[in-house]
Structures are given as C-alpha cells and as structure tokens.
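# Observations on the three-dimensional arrangement
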Amino acid sequence: MPASAAVIRDATHADLDAIAAIYGHYVTETVVTFEETPPTVEDWARRLAELTDRGLPFLVAEVDDGGAAPENGRLTVAGYACAGPWRPKPAYRHTAEDAIYLAPGRTGAGLGAALLDALLARCAEAGVRQVVAVIADSGSDASAALHRRFGFRSAGLLAGVGHKHGRWIDTHLMQCDLTARASIDGAPQ
C-alpha cells in the first residue's frame, strides 16, 4: 500500500495494542532496539501520557486493509513514530529523540517517510529545535538513509555500546537541526 493512502494521526489508547505488537517484534527479533523485554500495553499507555503531557508528538500511520471500497475496509495501524526527551536535564528541553517503527511487511512503501515528515513538523510546532536519531547498527542502512533524506547529518558513532542476540552493536547518532530545516522550507525560525 502506498504511503499516500495512509492516514498519519495522533496515537490514541485504542492504538496501543498494535503499537506494542509492532515494537515487540523488533525487541524480540532484531537488534534495532536495545530493549530486551517488550514493553506492555500499560507501559505504552504511560509513554503516551508522558509524551502528550510534554506536548511531544506520538503518531501512527493507519492504512485501509479492507476491500476495494473504503467502507468495506478495516483500518490498521501499520507503524508509529514518536519524539521523546533526548535527556532528562532541563537544558535539553528543546532537543528530542525520534523513534519510527513499521509493522513487519510494511517497509519500503513510504510509510516511514510519511511518519518522519509529520513527526518533524510536529516537533517544530512543539518548540523542538534539534532531533537526534540513535540508530543501532543492524547491518541495514535503511533507517540512516531515511533520516538523511530529511536533513539528518551524522553526529558520531558509539562503538560496541550494546550487546544483544550474542553480538556487540554500534549505534550511529544522527542529528537534524529543525531551525535550518525551517529556513529551507520557508518557515520562520
């Protein structure tokens, strides 16, 4: 399904089962997150409340998985994106860390780009000036390539900082200056 057919909207409590299932796949089957135990739906409810209280975005991409006519369809959460605090100290309050996860089988259709585009716009609206991506070295460049498309630049490499599924994993740090992005897009800084 092309990303143009997806609806990007704020996450709600009704989406938390799908979000937990999507992320749970990455926790148990991959090294792209350093979590080792999938968060519960209750954990996700706390996360949603925390981000909402802070005015930070938590979005889902919803697609119609039904029949030919939309009224016959069934809307399904195919991915999510959120921005959380980069660090807890107050001086970091204008910097956020992004997270984007797509359901298995939903990659390559533009949903990640649609989510990241909406997430960055909402971060800027929330007063975020810098967005940091922490990308685990999974052997694929897909996440880094997606972030580069949206103006993220390499900010460093942390070598061997995670250990999961029997191997040491690097993380690549990338950073997007939303003030520079706003000036490119013509928006005020």
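Look above for the structure.
Bear in mind that the values here come from a model prediction, so they are computed numbers and not experimental data.

## Looking at a nonpolar patch on the surface
Side chains of Phe-34, Leu-158 and Val-161 sit close together on the surface and give an oily, nonpolar patch of about 240 Å² of accessible area. Position of Leu-158 among the secondary structure elements: in strand β6 (residues 153-164).

## Thoughts on the pattern of salt bridges
Across all of its chains, the model carries 7 salt bridges by this definition. For the salt bridge of Asp-10 with Arg-122, the shortest nitrogen-to-oxygen distance reads 2.7 Å. Highlighted residues: Asp-10 in strand β1 (residues 7-10) and Arg-122 in helix α3 (residues 111-125), separated in sequence by 112 residues. Under the relative-accessibility criterion, Asp-10 is labelled partly exposed at 40%. You can call Arg-122 partly exposed: its relative accessible area is 30%. Here Glu-125 ties to Arg-122 by a salt bridge, and the two come within 3.9 Å at their closest N and O atoms. On the criterion of helical spacing, the pair formed by Glu-125 and Arg-122 is a turn pair, its members being 3 residues apart in helix α3. Relative accessible area serves as the criterion here: at 64%, Glu-125 is assigned to the exposed category. Salt bridges sharing partners connect three or more residues here, namely Arg-9, Asp-15 and Glu-62.

## Regarding the side chain of Thr-179
By the element assignment, Thr-179 lies in helix α5 (residues 178-185). Look at Thr-179 and you get buried, because its relative accessible area is 14%. Within polar-contact distance, the side chain of Thr-179 engages the side chain of Asp-177 at 2.4 Å.

## Brief notes about the sheet that holds strand β4 (residues 95-102)
With mixed pairing, 7 strands are arranged side by side in an open sheet as β1-β2-β3-β4-β5-β7-β6. At either end of the open sheet lies a strand with only one pairing partner, and these are β1 and β6. The sheet shows a mean angle of 25° between the axes of neighbouring strands, taken without regard to direction. Looking at chain direction, strand β2 (residues 58-64) and strand β3 (residues 75-85) are connected through 7 bridges and run antiparallel. Across the sheet, Phe-58 pairs through a bridge with Cys-82, a residue of β3. On the sheet, helix α1 (residues 16-29) packs against β2, β3, β4 and β6 and is oriented at approximately 75° with respect to β3. On the sheet, helix α4 (residues 142-149) packs against β4, β5 (130-136) and β7 (167-177) and is oriented at approximately 165° with respect to β5.

## So, the side chain of Asp-98
Relative to the assigned elements, Asp-98 resides in strand β4. Despite its burial, Asp-98 remains without a salt bridge, the nearest opposite charge being carried by Arg-47 at 9.7 Å. Looking at Asp-98, its side chain comes within polar contact range of the side chain of His-147, at 2.6 Å.

## Concerning the packing of aromatic side chains
Taken as a whole and assessed by the stated rule, the structure comprises 7 aromatic pairs. Centroid distance Tyr-26 to Tyr-101: 5.2 Å. Interplanar angle 55°. Geometry classified as tilted. With Tyr-26 in helix α1 and Tyr-101 in strand β4, this pair connects stretches of sequence that are 75 residues apart. Across the pair, exposure class does not vary: Tyr-26 and Tyr-101 are buried alike. These aromatic residues form a ring-pair network of at least three members: Tyr-23, Tyr-26, Trp-44, Phe-58, Tyr-80 and Tyr-101. The cationic tip of Arg-87 hangs over the ring face of Trp-86; the distance from NZ or CZ to the ring centre is 4.1 Å.

Cut-offs applied
- Residues numbered from 1 in each chain as written.
- Predicted model: local features only at pLDDT ≥ 70, side-chain atom pairs only at ≥ 80, totals over all residues.
- Heavy atoms only, no water.
- Patch = residues over 30% accessible without salt bridge, like charges linked within 9 Å, V, L, I, M, F, W, Y side chains within 5 Å.
- Areas by Shrake-Rupley, 256 points an atom, 1.4 Å probe, with all protein chains shown as cover.
- Salt bridge = Lys/Arg side-chain N within 4 Å of Asp/Glu carboxyl O.
- Helix = DSSP H or I, 4+ residues; strand = E, 2+ residues; numbered from the N terminus.
- Buried < 20%, exposed > 50% of the residue type's maximum accessible area, 1.4 Å probe, protein only.
- Polar contact = N/O pair within 3.5 Å; in protein donor to acceptor, adjacent residues only side chain to side chain.
- Pairing = 2+ DSSP bridges.
- Axes fitted to C-alpha atoms, helices over the stretch in contact; angles between N-to-C directions.
- Contact = heavy atoms within 4.5 Å.
- Lys, Arg positive; Asp, Glu negative; His and termini not counted.
- Phe/Tyr/Trp six-rings, centres within 6.5 Å; stacked < 30°, edge-to-face > 60°.
- Lys NZ or Arg CZ within 6 Å of the ring centre and 35° of its normal.

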